[in-house]
Amino acid sequence: MAKKITSILIANRGEIALRVIRACKELGIRSVAIYSDEDTRAVHVKRADEAYHIGPAPPAQSYLNMAKIVETAKMAGADAIHPGYGFLSENENFPQMCEKNGIIFIGPTAKAMDVTGDKMKCKVVMKKAKVPTVPGSDGTIEDVEKAADIAHEAGYPVMLKSAFGGGGRGIRLCKDEKQLRQEFEMASAESKAAFGKSALFVEKYLQRIRHIEFQLIRDSHGNGRHLFERECSIQRRHQKLIEMSPSPVVDQKTRERIGEIAVRAAAAVDYLNAGTAEFLRDPEGNFYFIEINSRLQVEHPVTELVTGLDLVKLQIHVAQGGEISFKQEDLKMNGCAIECRINAEDPFYDFAPSTGPVPNCNIPYGPGIRVDTYLYPSCTVSGYYDSLVAKLLAWGRNFEEARVRMRNALDEFTIEGINTTIPLYKTIMNEDNFIKGEISTDYLDRFKVFDKMNNEVKAEASKNAQAAVAAALLQSEFVKKGSPSQSSVNGNSQKISKWKMMRATI
């Protein structure tokens, strides 16, 4: 039994740091924040019980500085460290350093992380555990000739992927051998730049696939549970944009079958704490395991909304040696939840980064709406860190109610000073194929969603311009008649709302 946690240092920033701080407050645990030069005015610094400066703005000198973070945790008297996601959350050296210094790492062990962080090691383990995997190489490939041989055997098209990391980096689609040879060096270099390692593997490219993941929790007593699935198929450059639960194509029988496989996968690597088993589903309904993400994920609130569980509190409970208190059959899925990742990127210009001051913002509220964000009026979106500025979630009794709530919340959500992905999500929420559940990882391109977004924005701009002209003409007519508040319509004198006139010009 690990010691009871009384204080946690959060080795992160932004909305996930705030999320952990809130869980700490509910549990009566002292929260310790860290911050860089760039984050001196950040909300997480103000909300934590204590906050310590960690270094300059560049992540390598602050949020990725393991030695400095552990030193700060010891100085602050923290029992544990929560890594959040990103930064050091999947670095196997970090839990090792924590353990050496008598600090509890709220996450998997270094050993499990070493296996899950290497896709090839993980694939070998999964095959032994009879977990279905995507056809392709059984190990990493350093030579393009070997890659070509395996691709020929698997059949084109294939994917070249980095054996390390994620986030869509080090991945190339190859439709034939010529393209494979062209892309091999580029993928290898990108992998090395992003993860410090260049090992690649070849995988059969499955077309029209859906990306479906299962949330996992496993304790130190060997108890593993899955907390149902999340549909993550709407992506851009292999990075998730929208997540939802339940998936439109997962029925209860499939949920139980693939959920059991996910739990078996976690047991195969002796996983500890919260994680996610990720699968690809082909059009025939076959599921293929691709990896375990060894951390809490960005989209964890989706699962929280449909299960009623607090995953961060559950993480803390497991980290201090607690046993999972519920059985698999105790869990019930309630309603539907959708999450939109609000990124500081311009969807009209190939998702170009958009940073700088935010003079004002309006956060949506209402039944079934949840917003995890670090934004506030007069804050600044930094170019040093991830583009995610908010997570907008909508829960409903069913998909349609959740979709309508999300659509309305997107209309309310305004962020001044920067461009965001909100316009894209507005289009998607009303797009016929999304509504019908006809989604896949190529959804944006297949259904020309960007063209639809552009057309909608142009139509709205034209409508607003016409309304402005009509309002100006109406105002001019009132002035001529000397009565700006009266108009004769069909021979009847009627009151004209000044608010309506003003609204027409907005």
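Small disclaimer: the values here were computed from a predicted structure and weren't measured.

Draft legend 1. Molecular detail of a nonpolar patch on the surface. On the surface, Phe-348, Tyr-349 and Val-457 cluster together into a nonpolar patch covering about 300 Å² of accessible area. Within the secondary structure layout, Tyr-349 lies in the loop between strand E15 (345-346) and strand E16 (352-353).

Draft legend 2. Summary view of a negative patch on the surface. Taken together, Glu-142, Asp-143, Asp-149 and Glu-153 make up a surface patch of like negative charges. Structurally, Asp-143 is set in the loop between helix H6 (119-128) and helix H7 (144-154). Here Asp-143 falls in the partly exposed class, since its relative accessible area comes to 40%.

Draft legend 3. Main features of unusual backbone geometry. In the segment running from Tyr-156 into Pro-157, the intervening peptide bond is cis, with an omega of 0°. Geometrically, the link from Ser-245 to Pro-246 is a cis peptide bond, its omega value of 5° lying close to zero. Secondary-structure assignment places Pro-246 in the loop between strand E11 (239-245) and helix H9 (252-268). The phi angle at His-238 is positive, at roughly 65°, despite the residue not being glycine. Tracing the backbone shows His-238 in the loop between strand E10 (224-236) and E11. Given the relative accessible area of 43%, His-238 is considered partly exposed. At Phe-351, a residue that is not glycine, the phi angle is positive and equals roughly 60°. Its location among the elements puts Phe-351 in the loop between E15 and E16. For Phe-351, a relative accessible area of 5% corresponds to the buried category.

Draft legend 4. The sheet that holds strand E14 (residues 336-343), seen in detail. Pairing within the open sheet is antiparallel, and its eight strands lie in the order E13-E12-E9-E10-E11-E14-E21-E19. The sheet terminates laterally at strand E13 (287-293) and strand E19 (369-373), the two strands that pair on one side only. Across the sheet, the axes of successive neighbouring strands diverge by a mean angle of 25°, strand direction being ignored. Pairing of E19 with strand E21 (residues 388-396), which is carried by five bridges, proceeds in the antiparallel orientation. Residue pairing across strands places Val-371 opposite Leu-392, the latter belonging to E21. Set on the sheet, helix H10 (residues 300-307) makes contact with strand E9 (210-218), E10, E11, E14, E19 and E21; between it and E21 the angle comes to about 20°.

Draft legend 5. Up close: the environment of Leu-309. Locating Leu-309 in the fold gives a position in the loop between H10 and helix H11 (311-319). Expressed as a C-alpha distance, the spacing of Leu-309 and Leu-331, which sit 22 residues apart in the sequence, is 9.6 Å. Apart from the residues lying within four places of it in its own chain, the contact partners of Leu-309 are Leu-227, Glu-304, Phe-326 and Leu-331.

Draft legend 6. View of the environment of Lys-4. Locating Lys-4 in the fold gives a position in the segment before strand E1 (7-10). Measuring from C-alpha to C-alpha, the distance between Lys-4 and Gln-320 comes to 5.6 Å, with 316 residues separating the pair along the chain. Contact partners of Lys-4, with chain neighbours within four places excluded, come to Asp-79 and Gln-320.

Draft legend 7. Geometry of the sheet that holds strand E7 (residues 171-174). What the three strands build is an open sheet, ordered E7-E6-E8; its pairing is antiparallel. The sheet is open, and its two borders are formed by E7 and strand E8 (200-204), each paired with just one other strand. Here the strands of the sheet are splayed against their neighbours by 25° on average, with no regard to which way each runs. Contacting strand E6 (158-162), E7 and E8, helix H8 (residues 177-195) runs over the sheet at an angle of about 170° to E7.

Cut-offs and rules
- Position numbers for residues count from 1 along each chain, tracking the sequence in the order it is written.
- Only residues with pLDDT of 70 or above have their local features reported here, since the model is predicted, and side-chain atom pairs are shown and tallied only from 80 upward, although totals for entire chains, interfaces and linings are computed over all residues.
- Note: side-chain values were computed over all heavy atoms of the structure, leaving out hydrogens and water.
- Here a patch means residues that are over 30% exposed by relative accessible area and free of salt bridges, tied together within 9 Å if like-charged and within 5 Å if nonpolar (Val, Leu, Ile, Met, Phe, Trp, Tyr).
- Note on areas: these come from Shrake-Rupley sampling with a 1.4 Å probe, and a residue is covered only by the protein chains present in the view.
- Between Lys or Arg on one side and Asp or Glu on the other, a salt bridge is scored when a side-chain nitrogen of the former is within 4 Å of a carboxyl oxygen of the latter.
- Only DSSP runs of H or I reaching four residues or more are called helices, and only runs of E reaching two or more are called strands; each is numbered from the N terminus.
- In summary, the charge assignment counts Lys and Arg as positive and Asp and Glu as negative, without counting His or the chain termini.
- Where a charge lies is defined by one atom per residue type, namely NZ (Lys), CZ (Arg), CG (Asp) and CD (Glu).
- Each residue is assigned to one of three classes by its accessible area relative to the maximum for its type, calculated with a 1.4 Å probe on protein chains only: buried under 20%, partly exposed between the two thresholds, exposed over 50%.
- A pair of strands is treated as paired once DSSP finds two or more bridges between them.
- Angular values range over 0 to 180 degrees, each being the angle between N-to-C directions of two axes fitted as lines to C-alpha atoms, with helices fitted over their stretch in contact.
- Contacts were defined at the residue level, with two residues in contact if any of their heavy atoms lie within 4.5 Å.

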